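# Structural features, examined
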Amino acid sequence: MRDANRYRPNVAFILANAQGRVLLARRAGSEAWQFPQGGVARGESPQDALYRELHEEIGLDRNAVQVIASTKRWLKYRVPERFRRHSSPQTFVGQRQKWYLLRFLGEAQEIRLDREQSPEFDQWRWVSYWYPLRCIIDFKRQVYAAAMIELAPQLRVDCRC
């Protein structure tokens, strides 16, 4: 599913622990680290997509988190041509994302990357709030910065990047 401008609706989330550190996950089979994210299916609300992705990607149920905040608007980024999937009739030029800031209420051992047959991630770690801006792939950096700056006050994180 995509919008008229060929942007795929997507949700992304920042999962913060009690110490204010955030979960960063490594894409399976690569050295690319990112926040979990995923598409919004036709007829699915962004919040329903958030909970589905939370379970699919890191194995948590909705009762393991508290939604602290979300971005006020959808944030967009374009996917460079070399990274686009052209095998699908639903080819999109980028993603428009609704971002959520979540407080993790559980224990680290509850995080499971192997709940799906083909896991998206093969490792995860807790990092400082601003660390992901240093390691995220360049074409996503601007949307990460916008989301993180908007959501940081809700976690009481210093907004000087």
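Just above, that's the structure.
For the structure given in this document, a descriptive report is provided here.

The rules behind each value
Residues numbered from 1 in each chain as written. Predicted model: local features only at pLDDT ≥ 70, side-chain atom pairs only at ≥ 80, totals over all residues. Heavy atoms only, no water. Salt bridge = Lys/Arg side-chain N within 4 Å of Asp/Glu carboxyl O. Helix = DSSP H or I, 4+ residues; strand = E, 2+ residues; numbered from the N terminus. Buried < 20%, exposed > 50% of the residue type's maximum accessible area, 1.4 Å probe, protein only. Pairing = 2+ DSSP bridges. Lys, Arg positive; Asp, Glu negative; His and termini not counted. Polar contact = N/O pair within 3.5 Å; in protein donor to acceptor, adjacent residues only side chain to side chain. Contact = heavy atoms within 4.5 Å. Core = buried A, V, L, I, M, F, W, Y, C linked by side-chain atoms within 4.5 Å. Expected span 1.5 Å × (residues − 1).

## What to know about the pattern of salt bridges
Using the criterion set out here, one finds 7 salt bridges in the structure. Measuring nitrogen to oxygen at the nearest pair gives 2.8 Å for the salt bridge that ties Arg27 to Glu120. One end of the pair, Arg27, is in strand β2 (residues 22-27); the other, Glu120, is in the loop between β7 (94-104) and β8 (121-127), and 93 residues separate them in sequence. As a salt-bridge pair, Asp114 and Arg112 come within 2.8 Å of each other at their nearest N and O atoms. Judged by its relative accessible area of 46%, Asp114 is partly exposed. Given a relative accessible area of 34%, Arg112 falls into the partly exposed group. Connected through shared salt-bridge partners, Glu44, Arg52, Glu53 and Glu56 make up one network.

## Regarding the pairing of strand β6 (residues 75-78)
Only one face of β6 is covered, namely the face carrying Leu75 and Tyr77; the face carrying Lys76 and Arg78 is uncovered. When β6 meets β7, the two strands line up antiparallel, connected through 4 bridges. Along β7, the bridge assignment pairs Tyr77 with Gln95.

## Topic: the side chain of Lys140
Here Lys140 is to be found in helix α3 (residues 138-155). Lacking a salt bridge, the buried Lys140 has Glu120 as its closest oppositely charged neighbour, with an N-O distance of 6.9 Å. A distance of 3.3 Å separates a polar atom in the side chain of Lys140 from a polar atom in the side chain of Gln34. Those residues in contact with Lys140 that lie beyond four places of it in its chain are Gln34, Gln37 and Tyr77.

## Here we look at the nonpolar core
Judged by nonpolar contacts, the single largest core of 27 residues is most densely connected at Ile14, Phe35, Trp99, Tyr129, Tyr144 and Met148. Secondary-structure elements contributing two or more residues to this core are β1 (7-16), β2, β6, β7 and α3. Among the elements that line this core, the one with the most residues is α3, at 9 residues. Beyond its immediate sequence surroundings of up to four residues, Phe35 is in contact with Phe13, Ile14, Val22, Leu23, Leu24, Trp99, Phe121, Pro132, Tyr144 and Met148.

## Points about helix α1 (residues 46-58)
A rise of 1.5 Å per residue sets the reference length of α1, with its 13 residues, at 18 Å; its end C-alpha atoms lie 17 Å apart and thus fit the reference within 8%. Of the positions making up α1, those classed as buried are Ala49, Leu50, Tyr51, Glu53, Leu54, Glu57 and Ile58. If you follow the buried residues of α1, they end up packed against β1, β2, β4 (37-39), β5 (65-70), β7 and β8. One or two residues past the end of α1 sits Gly59, with phi positive at roughly 75°.

## Let's talk about the environment of Gln37
Within the secondary structure layout, Gln37 lies in strand β4. According to the relative accessible area criterion, Gln37 is buried, its value standing at 7%. If we ignore the near neighbours within four places in the chain, the residues touching Gln37 are Asn10, Val11, Ala12, Glu53, Glu57, Tyr77, Gln95, Gln97, Glu120 and Lys140. A distance of 3.1 Å separates the side chain of Gln37 from the side chain of Gln97, its partner in a polar contact.

Spatial relationships are all this shows, so hold off on functional conclusions.
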